[in-house]
Amino acid sequence: MKLSSPIALADIAVLIGATYHGDAMFPISGINEIHMVSEGDLTFVDHPKYYSKALSSNASTIIINQKVECPVGKALLFHDDPFAAYTLLVRTILPFIASTAAISPTASIAGDTIIQPGVFVGNHVVIGKNCIIHSNVSLYDHTVIGNNVVIHANSVLGADAYYFQRKPAGYRKLESCGRVVIEDNVEIGALCSIDRGVSGNTVIGKGTKFDNHVQVGHDTQIGANCLIGAHTAIAGVTRIEDDVIIWAKVAINKDLVIGKGAVILATSAVDKSLPGGVTYFGSPAIEARKKWKELVMLRRLPEIYNKLK
């Protein structure tokens, strides 16, 4: 998430109750998770396993729970609980504001777009031209919809990321401050759920089409002209490149890349990144022709066993 205007390091330290190393006026222009950071961003780290990754990342400011040497050109915020500090920062900078109407007066909706009865449009939502938003769709705050988009009944765009930290006392939620961005000419089926990014955007690319009951996790990027079949579940921080076809009931794990033009056949489960231009099948998914040969051999096992016996 980029801030509307930079905040000084010392001001952030006061806000979260931290000490700091660096120029008091050192500017912080964004808040992001470690895999999303760019220059000017603040991130956090709370486990020694990831100290090096955070300190060497593109982040300019790091909240950390250990006194370490500050890398050149960066600033550090020292806090006993970086997770809690980061969450407090998000809640302060982008607080939840309850809606007072079914369609927020802060929303921007193009004049020729059709909003069916029962639709909820949250604060600062943007909807482009020539869209149809069917009944009982919920568009959470800050969602962005392009032109010529169709969203079918009961779909939910912009719900919080499914992102929790386990502690002995229970689970702690990492607050979401990202958005859902739907580009032009997209069609979203009925009863779909697209979660917003934890700190960046969940993006559905131009011309992509969803069937019903599709789940897309936080910070996932889906390219242009993809087809996503019914009951597909795509975990967070996954990147699906252009022209990918995913048929029904496919499960895709987190942090993967599905290459351009890949086809994943129905009921498959994907546990690793897949190169483009290939058809895949199975659980775990492999090249489809290889999988079919394996299935043929499995069916022949009783025959082979009887011959050996």
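Use the structure listed above.
Let me begin by describing the structure that accompanies this report. (Residues numbered from 1 in each chain as written. Predicted model: local features only at pLDDT ≥ 70, side-chain atom pairs only at ≥ 80, totals over all residues. Heavy atoms only, no water.)

Structurally, D195 can be placed in strand 20 (residues 193-195). This buried residue, D195, is left without a salt bridge; R196 holds the nearest opposite charge, at 8.6 Å. At a separation of 3.2 Å, a polar atom in the side chain of D195 contacts the side chain of Q215. If we skip the residues at most four places from it in the chain, D195 touches A159, D160, A161, Y162, V180, T202, Q215, V216, G217 and H218. (Helix = DSSP H or I, 4+ residues; strand = E, 2+ residues; numbered from the N terminus. Buried < 20%, exposed > 50% of the residue type's maximum accessible area, 1.4 Å probe, protein only. Lys, Arg positive; Asp, Glu negative; His and termini not counted. Salt bridge = Lys/Arg side-chain N within 4 Å of Asp/Glu carboxyl O. Polar contact = N/O pair within 3.5 Å; in protein donor to acceptor, adjacent residues only side chain to side chain. Contact = heavy atoms within 4.5 Å.)

Evaluation of the coordinates by the stated rule reveals three aromatic pairs. Taken together, a centroid distance of 6.0 Å and an interplanar angle of 90° make the contact between F44 and F83 edge-to-face. You can see F44 sitting in strand 4 (residues 41-45) and its partner F83 sitting in helix 3 (residues 82-93), a full 39 residues away along the chain. In this pair, the class of F44 matches that of F83, namely buried. Taking 5.6 Å as the distance between ring centres and 75° as the angle between the ring planes, the aromatic pair formed by Y162 and F164 counts as edge-to-face. The exposure class assigned to F164 is partly exposed, which follows from its relative accessible area of 41%. These aromatic residues form a ring-pair network of at least three members: F44, F83 and Y86. Between K67 and the ring centre of F78, over which it is positioned, the NZ or CZ distance is 5.0 Å. (Phe/Tyr/Trp six-rings, centres within 6.5 Å; stacked < 30°, edge-to-face > 60°. Lys NZ or Arg CZ within 6 Å of the ring centre and 35° of its normal.)

What the largest pocket holds in volume is close to 830 Å³. Residue lining of the largest pocket: 25 residues in total, with E33, I34, H35, Y163 and K254 positioned closest to the centre. When residues of the lining of the largest pocket are traced back to their parent elements, those giving at least two are strand 4 and helix 2 (51-55). Looking at the lining of the largest pocket residue by residue, the class counts come to 11 nonpolar, eight polar and six charged. Taken as a whole, the second largest pocket spans an internal volume of roughly 450 Å³. Lining the second largest pocket are 18 residues, and of these P95, F96, I97, D141 and R196 sit closest to its centre. Classifying every residue of the lining of the second largest pocket gives seven nonpolar, six polar and five charged. (1 Å grid on protein atoms, 1.4 Å probe; cavity = no way out; pocket = protein on both sides within 12 Å on 5 of 7 lines; lining within 4 Å. Points joined across faces, edges and corners; volume = space filled by probe spheres on them. Nonpolar A, V, L, I, M, F, W, Y, C, P; charged D, E, K, R; others polar.)

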